[in-house]
Amino acid sequence: MTIKVKKNLVSEAKYSLKCPNHMDAEYITIHNTANDASAANEISYMIGNTSSTSFHFAVDDKEVRQGIPTNRNAWHTGDGKNGTGNRKSIGVEICYSKSGGAKYKAAEKLAIKFVAQLLKERGWGIDRVRKHQDWNGKYCPHRILSEGRWDEVKAAIEAELKSLGGKTSSSKKKTSYALPSGIYKVKSPMMKGASVTQIQKALAALYFYPDKGAKNNGIDGVYGPKTANAVKRFQLMHRLSADGIYGPKTKAKLEVLLK
Ligand SMILES: [Zn+2]
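Procedures and definitions
- Residues numbered from 1 in each chain as written.
- Predicted model: local features only at pLDDT ≥ 70, side-chain atom pairs only at ≥ 80, totals over all residues.
- Heavy atoms only, no water.
- Donors = N, O, S within 2.8 Å, 3.2 Å for Na, K, Ca; no water.
- Buried < 20%, exposed > 50% of the residue type's maximum accessible area, 1.4 Å probe, protein only.
- Axes fitted to C-alpha atoms, helices over the stretch in contact; angles between N-to-C directions.
- Helix = DSSP H or I, 4+ residues; strand = E, 2+ residues; numbered from the N terminus.
- Parallel < 35°, antiparallel > 145°, perpendicular 65-115°, else oblique.
- Left-handed = near helix turned anticlockwise from the far one by under 90°.
- Contact = heavy atoms within 4.5 Å.
- Nonpolar A, V, L, I, M, F, W, Y, C, P; charged D, E, K, R; others polar.
- Pairing = 2+ DSSP bridges.
- Domains from an automatic or database assignment.
- Buried area = accessible area lost by both parts, 1.4 Å probe.
- Salt bridge = Lys/Arg side-chain N within 4 Å of Asp/Glu carboxyl O.
- Polar contact = N/O pair within 3.5 Å; in protein donor to acceptor, adjacent residues only side chain to side chain.
- Core = buried A, V, L, I, M, F, W, Y, C linked by side-chain atoms within 4.5 Å.

Draft legend 1. Representation of the coordination of the zinc ion. Only His-31 (ND1), His-132 (ND1) and Cys-140 (SG) from the protein reach the zinc ion as donors, at distances of 2.1 to 2.3 Å. Read N to C, the donor residues that coordinate the zinc ion are spaced as H-x100-H-x7-C. Note on His-132: relative accessible area 5%, which makes it buried. The exposure class assigned to Cys-140 is buried, which follows from its relative accessible area of 5%.

Draft legend 2. The packing of helix 4 (residues 101–122) against helix 7 (residues 150–163), seen in detail. For the pair helix 4 and helix 7, interaxial distance at closest approach is 8 Å and the crossing angle is 55°. The angle between helix 4 and helix 7 places the two elements in the oblique class. Classified by chirality, the crossing of helix 7 by helix 4 is right-handed. Taking contact as the criterion, the partners of Glu-108, Ile-112, Lys-113, Val-115, Ala-116, Leu-119 and Lys-120 in helix 4 are, on helix 7, Val-153, Ala-156, Ile-157, Glu-160 and Leu-161. Residues of the contact of helix 4 with helix 7, tallied by class, amount to 8 nonpolar, no polar and 4 charged.

Draft legend 3. How the structure looks around the sheet that holds strand 5 (residues 89–94). Sheet architecture is open: 6 strands sit in the order 1-4-3-5-2-6, paired in mixed fashion. Since the sheet does not close on itself, it has two edges, and those belong to strand 1 (5–7) and strand 6 (129–131), each with one partner. Neighbour to neighbour, the strand axes of the sheet diverge by 30° on average, direction disregarded. Bridge count for strand 2 (residues 27–32) against strand 5 is 6 bridges, and the pairing is parallel. Bridge pairing links Asn-32 to Ile-94 in strand 5. The strands touched by helix 2 (residues 39–48) within the sheet are strand 3 (57–59) and strand 4 (64–66), with strand 3 carrying the most contacts at an inclination of about 155°.

Draft legend 4. Broad picture of the domain arrangement of the protein chain. Domain boundaries in the protein chain define domain 1 (5–163) and domain 2 (194–258). Taking the mean C-alpha position of each, domain 1 and domain 2 sit 26 Å from one another. At the junction of the two partners, domain 1 supplies 11 residues and domain 2 supplies 11 residues. A combined buried area of about 960 Å² lies between domain 1 and domain 2, and 55% of that area is made up of carbon and sulfur atoms. Of all residues in domain 1, the largest losses of buried area upon contact with domain 2 belong to Asn-82, Thr-84 and Asp-134, amounting jointly to 38% of the total for that side. The interface formed by domain 1 and domain 2 holds 0 salt bridges in total. For the pair domain 1 and domain 2, the number of links is 4 residue pairs in polar contact (both at pLDDT 80 or more). Elements supplying a minimum of two residues to the side of domain 1 that touches domain 2: helix 3 (84–88), strand 6 and helix 5 (132–136). Of the residues forming the side of domain 1 that touches domain 2, the biggest block, 3 residues, is contributed by helix 5. Within the side of domain 1 that touches domain 2, the residues separate by chemical class into 2 nonpolar, 4 polar and 5 charged.

Draft legend 5. Main features of the nonpolar core. The biggest cluster of nonpolar side chains holds 42 residues, and the ones touching the most others in it are Ile-28, Val-92, Phe-114, Val-115, Leu-119, Val-129 and Ile-157. Those elements that provide at least two residues to this core are strand 2, helix 2, strand 3, strand 5, helix 4 and helix 7. Among the elements that take part in this core, helix 4 stands out by supplying 10 residues, more than any other. Val-92 has contacts with Ile-28, Thr-29, Ile-30, His-31, Phe-57, Val-59, Phe-114, Val-115 and Leu-118, leaving out every residue within four places of it along the chain. Membership of the second largest hydrophobic core comes to 25 residues, among which are Tyr-184, Leu-206, Tyr-223 and Met-237.

What follows is the structure, encoded as structure tokens:
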């Protein structure tokens, strides 16, 4: 059964505040609201206030509400104005997480079905699902994390996706990269050359662009602060020590993911 979404979309006059950029989403990010409001109230508050904070969907025990179009970016992952979470992911807030209980459980259940539906519609696998924490370290979705159930929630989404006949992993275009050995970091003079370009291209292939807004996504063969920042975001996401320095562990992880 298809879950119907009730739309209460932000007015175009507020796009510059809430969702200034066009988005071709690559991920879905799961949040807990840390609040006890309904989905309707979460969305109407979000689209009506003067804060830039925004998210696409709120799910409660009864329904899914949408406030931001999925082809616009929303500010929900705290990883900056060019962060992959903010610029490439659809934000789904699960309501009633503050107090928990039966209403929260029902909201989470509906959110699991809804996220599976979003994956199915896009031909995506479970590998596209992220938690807010993956992007900037914030303890969110707080209730799922504190109950130690993130893997369980992901497994439930995957099972639901399977029952909808969806793919379990996304096919990504793979190219091989000649990733250099050795240590690359920001220093003076800056490290540059073809090997740095390979690192930058590998990061970009996994959506960790050195500079999303810049020409060629910032792939310029120079290991400057923006490349270090992309490395750092990649490390944070993959539980490596997030120091922005490219070394053997970062190389190995990139190679596994690009295989
Ligand atoms: Zn969050």
